[in-house]
Amino acid sequence: MMRRQPVSAYWVLSIIGLAVLTPMAGLLAVGRLPGFEPGDLQFWSSSYIRRVLLFSFWQAFLSTLISLTLALLVARSIAKRGDFPLRNLLLRLFGLPLVVPSIVAVMGIISVYGSAGWFPVGRSLYGLNGILIAHVFFNLPLAVRLLLPVWQAIPEHYDQLAEQLRFTAWQRWIHIEWPTLRENIPGVALLVFMLCLTSFAVVLTLGGGPRSSTLEVAIYQSLRFDFDPTQAVVLALLQLMLCLLIAVIGLSLQKLPEVEISISVNSQAGAASNRLYHNSVILVTAAFIGMPLLAMIFDALRGPVIDVLSDNKLWLAATYTLLIGFAAAFCSVLAGWLLLRTSSVLANHGKIRQAKWLELVGSVVYVVPPLILGTGYFVLLSQHVVIADWVFPIVILINSMMGLPFVIKVLSPVMRKNQMRYDNLCNSLALHGWNKWRRVDWPLLRKPLGLAAALVSALAMGDLGVIALFGSADTTTLPLMLYQQLGAYRIPQAAVTALFLLLLCLLVFWSLERGLGGRKDVTH
Amino acid sequence: MLHIEQLKFVYHSQSGLNTEMLFNLSAAPGEILSIIGPSGGGKSTLLNLIAGFLPAQSGIIRIDDKSVQNLGPAQRPLTMVFQQHNLFPHLDLFTNVALGINPSLKLTDDQQDEIHDALKKLSLDGLEKRKPGQLSGGQRQRVALARALVRRQKVLLLDEPFAALGPALRQELIEILKSLVEQKSMAALLVSHQPEDALLASKRTAFIHQGKVCAIDETSKLLNNTAEKAIREYLGSV
């Protein structure tokens, strides 16, 4: 008998559907908002919206171009350099921007490239300069991690052949490297573009004013400062259309990037040519990524550590941050696991397309960004209830959905493999229910479950977007507190708060990854 | 003991083609019936149908005169040994075998003794605490056989269990298998890609091609059957 699909996945699908459609209903009911006029939807006639739209695209385009160009150079150098000392450390450093909250990294970037920093950039860091530096800081390592496996997949004998045929570096690039990379670049570029287009914390903190505002920041400003929900909804609908367009382009691409969560990458002994050049590229990149974090730590240690740590507000904010982190991790991992239980059964019965669609539903936040969901909820709820009463459920719900694509990415291959390898065996041994969970599923899954929970908690704890929309003086998380300190030019206090937040995130990440995931890796 | 009659399964391929498979065969207690044939012919499908991992459209599966086709995989009185991944990698050898007796691992003293006896029979004593990763390929398959032994089921299904092993190890394990099946009076179906395995293991062999049992005969006769085109082509290609 073929095993029935677990019904629970359809409950998760219903909850996700409800969680997305409810705020969408809030956005689409724009006509009911007080002060709405039909002309409001003609966004192209508003010079403000045109400017915001243009800047959103321009900064995303430039960020993508720079990140990708540099990533190609860096990934090539790492691949060509083969196995070198501290290689794993470097790749771990490249994984940090995934865990470090955006606003903490922004603190570090200000410390290094700000007017009073180690290497001041131009007249002011605030504006396009700062946004580009921050986006490259986050996306260069991501793009390197996406491109490195592609480079490493080039068979070693191609290199030997190139040596034999006396290829120049250019000929190697044209005949060997480019043909392999060509089909992967559009997918990576699209992902980075999407991330930069929907970037919120970076633009909010480094944008420096309305001249450098993106759609997401403009939505936030419309809701929280201009008290103009109609404009916020119009902007949100515009952002939604853009994201849908990008998602459609993404789905039509032959090759979408596989975001590698695991840190280790196979080492391949490369040619030792141009060692000095490759070393320099690697060193400069490591400095670019590492310096802001180091600068932030230095600044924090010179700051009023005792004063900040003795402030009760900090501890209250830390409690709320932890609550959001743990709750979002729990909900996201549970939802992901339930979805994947069904999709792995479907996949192993040859229903690959259905399985893929089920997993795609979990990645709905790529199409409907968290701030758009937040705007929908904000507009919908503010008409009926006191927003302050709903801060935590909404923030946890949206952060859980933000984490779901990561959970699916981490758990999916392991669950599919386990299902394929051991499901028939378990069935034949009458190993079901609780016995199967504790004897087979849990030991084999705890490592990826721990990693997934750690990633989601770090993301949720560092989130500034949704909490900025809903938070108040009584419901402040550490990222929001940090943003408020930066806004009030209390930079020394902000540096301490940033370090505190970073350490808290790393501690939670480590404890979930190790505590939940265990130390031992189960060999398959 | 094992009786398969008009067992029908329709395979729906992704390209939209439907292939109908129809099986008839039987195996007596203490017999190892080898099943050979080209890839994609339906050998593993037959075992999966008997084990209940695939739903048959119609037909009868009888074990000891009891119809089992409507039972779930766990309820069928049989044990299946796969080509690989028979053991859970995080559990030690003893626990892997013990799961065959009681999934909750609440074992009586007699059951524990039984496991130790089975391990001894298969020359695995002293290795109880080892994890599958610390065993050789041959030892891993012996553990799977030890579990089959303690499960005391009437039918043993073996889906290319020795495919990944070298010739000497295959021969050794086939000898062990033969003596176990005979001692416990089980009926075993051994799917193999190698005609030599069939020759070593079985008095009778079935040849499956395009979802049908084309021939069942004494193994040596079947392997010398040059009249049947499909067998001739298969043996020529091995």
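Keep in mind it's a predicted model, so treat the numbers as computed, not measured. (Residues numbered from 1 in each chain as written. Chains lettered and ligands numbered in written order. Predicted model: local features only at pLDDT ≥ 70, side-chain atom pairs only at ≥ 80, totals over all residues. Heavy atoms only, no water.)

> It is not clear to me how the overall build of chain B should be interpreted in this structure. Could you clarify?
Helices and strands together make up the secondary structure of chain B, namely 8 helices and 10 strands. Computed over the C-alpha atoms, the radius of gyration of chain B is 18 Å, within 12% of the 18 Å expected from 2.2 N^0.38 for a compact globule of 238 residues. Seen through its C-alpha atoms, chain B measures out along the principal axes to roughly 55 × 40 × 35 Å. For chain B, long-range pairs separated by at least 24 residues make up 67% of all intrachain contacts whose partners lie at least 6 apart in sequence. Carbon and sulfur atoms make up 46% of the accessible area of chain B, which amounts to about 10600 Å² in all. A gap of 3 Å separates the mean positions of the 26 positive and 24 negative side-chain charges of chain B. (Helix = DSSP H or I, 4+ residues; strand = E, 2+ residues; numbered from the N terminus. Rg over C-alpha atoms; globule rule 2.2 N^0.38 Å. Contact = heavy atoms within 4.5 Å. Areas by Shrake-Rupley, 256 points an atom, 1.4 Å probe, with all protein chains shown as cover. Lys, Arg positive; Asp, Glu negative; His and termini not counted. Charge placed at Lys NZ, Arg CZ, Asp CG, Glu CD.)

> Explanation requested: the packing of aromatic side chains in the structure shown.
Residue and element names in this part refer to chain A. Under the defined criterion, the tally for this structure stands at 18 aromatic pairs over all chains. Both rings, one in W151 and one in W173, keep their centres 6.3 Å apart while their planes meet at 35 degrees; by these two values the pair is tilted. Of this pair, W151 sits in helix α5 (residues 128-152) while W173 sits in helix α7 (residues 169-182); the two residues are 22 residues apart in sequence, bridging distant segments of the chain. Among the aromatic residues, ring-to-ring pairing joins Y113, F137, F138 and F288 into one connected group. Its end group placed over the ring of W337, R341 keeps NZ or CZ at 4.9 Å from the ring centre. (Phe/Tyr/Trp six-rings, centres within 6.5 Å; stacked < 30°, edge-to-face > 60°. Lys NZ or Arg CZ within 6 Å of the ring centre and 35° of its normal.)

> Can you help me understand the interface of chain A and chain B in this one?
Where interface size is quoted, it is often the accessible area lost as the parts come together. At the interface, 24 residues of chain A touch 27 residues of chain B. Summing both partners gives a buried area of about 2300 Å² for chain A against chain B, and 65% of it is carried by carbon and sulfur. Linking chain A with chain B are 0 salt bridges, by the criterion used here. On inspection of chain A and its partner chain B, the count reaches 5 residue pairs in polar contact (both at pLDDT 80 or more). Contributing elements (two or more residues each) for the side of chain A that touches chain B: α17 (391-428) and α18 (433-461) of chain A. Top contributing element to the side of chain A that touches chain B by residue count: α17 of chain A, with 7 residues. (Buried area = accessible area lost by both parts, 1.4 Å probe. Salt bridge = Lys/Arg side-chain N within 4 Å of Asp/Glu carboxyl O. Polar contact = N/O pair within 3.5 Å; in protein donor to acceptor, adjacent residues only side chain to side chain.)

> Would you mind going over the pairing of strand β7 (residues 155-159) of chain B with me for this structure?
A regular strand carries its side chains on alternate faces of the sheet. All names here are of chain B. Among the 5 residues of β7, 5 are classified as buried, and the element is accordingly described as predominantly covered. Residues V155, L157 and D159 of β7 are buried on one face, and the alternating residues L156 and L158, pointing to the opposite face, are buried as well. With 4 bridges connecting them, strand β6 (residues 78-81) and β7 associate as parallel partners. Among the inter-strand pairings, M80 is bridged to a residue of β7, identified as L157. (Buried < 20%, exposed > 50% of the residue type's maximum accessible area, 1.4 Å probe, protein only. Pairing = 2+ DSSP bridges.)

> Where do I start with the state of the cysteines in this structure?
Residues and elements named next belong to chain A. Enumeration according to the criterion identifies 0 disulfides over all chains in this entry. Its sulfur unpaired, C243 is 13 Å from the next cysteine sulfur, which belongs to C196. Since its relative accessible area comes to 0%, C243 is described here as buried. (Disulfide = S-S within 2.5 Å.)

> Sorry, what's going on with the pairing of strand β4 (residues 58-63) of chain B here?
All names here are of chain B. Relative to β4, strand β1 (residues 2-12) runs antiparallel, the two being bridged by 5 bridges. Bridge assignment links K8 to a residue of β4, and that residue is S58. Across 2 bridges, β4 lies against strand β5 (residues 66-67) in antiparallel orientation. Directly across from I63, in β5, lies its bridge partner K66. Following β4, the chain reverses through 2 residues before pairing antiparallel with β5; D64 in that reversal takes a positive phi of roughly 55 degrees.

> Explain the confidence of the model for chain B to me, please; I cannot follow it from the model alone.
Close inspection of predicted coordinates is inappropriate in any region flagged by low pLDDT. Of all residues in chain B, 98% attain a pLDDT of 70 or more, and the chain-wide mean is 88. For this predicted complex, the interface confidence comes out at an ipTM of 0.73, alongside a pTM of 0.79. (pLDDT = per-residue confidence, 0-100.)

> Quick question: what am I supposed to make of helix α1 (residues 8-28) of chain A here?
One full turn of an α-helix is made of 3.6 residues, so residues set three or four places apart face in the same direction. All names here are of chain A. Its 21 residues give α1 an end-to-end C-alpha distance of 30 Å, which sits within 8% of 30 Å, the value for a rise of 1.5 Å per residue. Three or more residues of α1 are buried, namely A9, V12, I16, A19, V20, P23, M24, G26 and L27. When α1 is viewed along its axis, its buried side chains cluster within an angular range of 170 degrees and face the same direction. α1 presents W11, L18, L21 and L28 as exposed residues on the side facing more than 90 degrees away from its buried surface. Where α1 is buried, its residues meet α11 (229-252), α14 (312-348), α15 (352-362), α16 (370-382) and α17. (Expected span 1.5 Å × (residues − 1). Arc of directions from axis to C-beta.)

> What's the story with the domain arrangement of chain B in this structure? I'm lost.
All names here are of chain B. Under the domain assignment, chain B is made up of domain 1 (2-77 + 153-237) and domain 2 (89-151). If you average the C-alpha positions of domain 1 and of domain 2, the two centres end up 25 Å apart. Counting residues at the interface gives 13 residues for domain 1 and 10 residues for domain 2. Interface area for domain 1 against domain 2, summed over the two sides, is near 1100 Å², with a carbon-plus-sulfur share of 69%. It is Q153, L173 and L180 in domain 1 that bury the most area against domain 2; as a group they hold 39% of the surface buried on that side. For the pair domain 1 and domain 2, the number of links is 1 salt bridge. A salt bridge links E172 to R142, with the nearest nitrogen and oxygen atoms 2.9 Å apart. Linking domain 1 with domain 2 are 3 residue pairs in polar contact (both at pLDDT 80 or more). Mapped by element, the contributors of at least two residues to the side of domain 1 that touches domain 2 are β7 and α5 (167-184). (Domains from an automatic or database assignment.)

> Teacher, can you tell me more about the side chain of D463 of chain A here?
Positionally, D463 of chain A belongs in the loop between α18 and α19 (465-470). This buried residue, D463 of chain A, is left without a salt bridge; R224 of chain A holds the nearest opposite charge, at 12 Å.

> What's the story with the nonpolar core in this structure? I'm lost.
Looking at soluble globular proteins, one finds that nonpolar side chains tend to be buried together. Counting 175 residues, the largest nonpolar core has I78, L464, F470 and L478 of chain A as the members making the most contacts within it. Counting 40 residues, the second-largest nonpolar core is a separate cluster that includes L25, I50, I63 and A206 of chain B. (Core = buried A, V, L, I, M, F, W, Y, C linked by side-chain atoms within 4.5 Å.)

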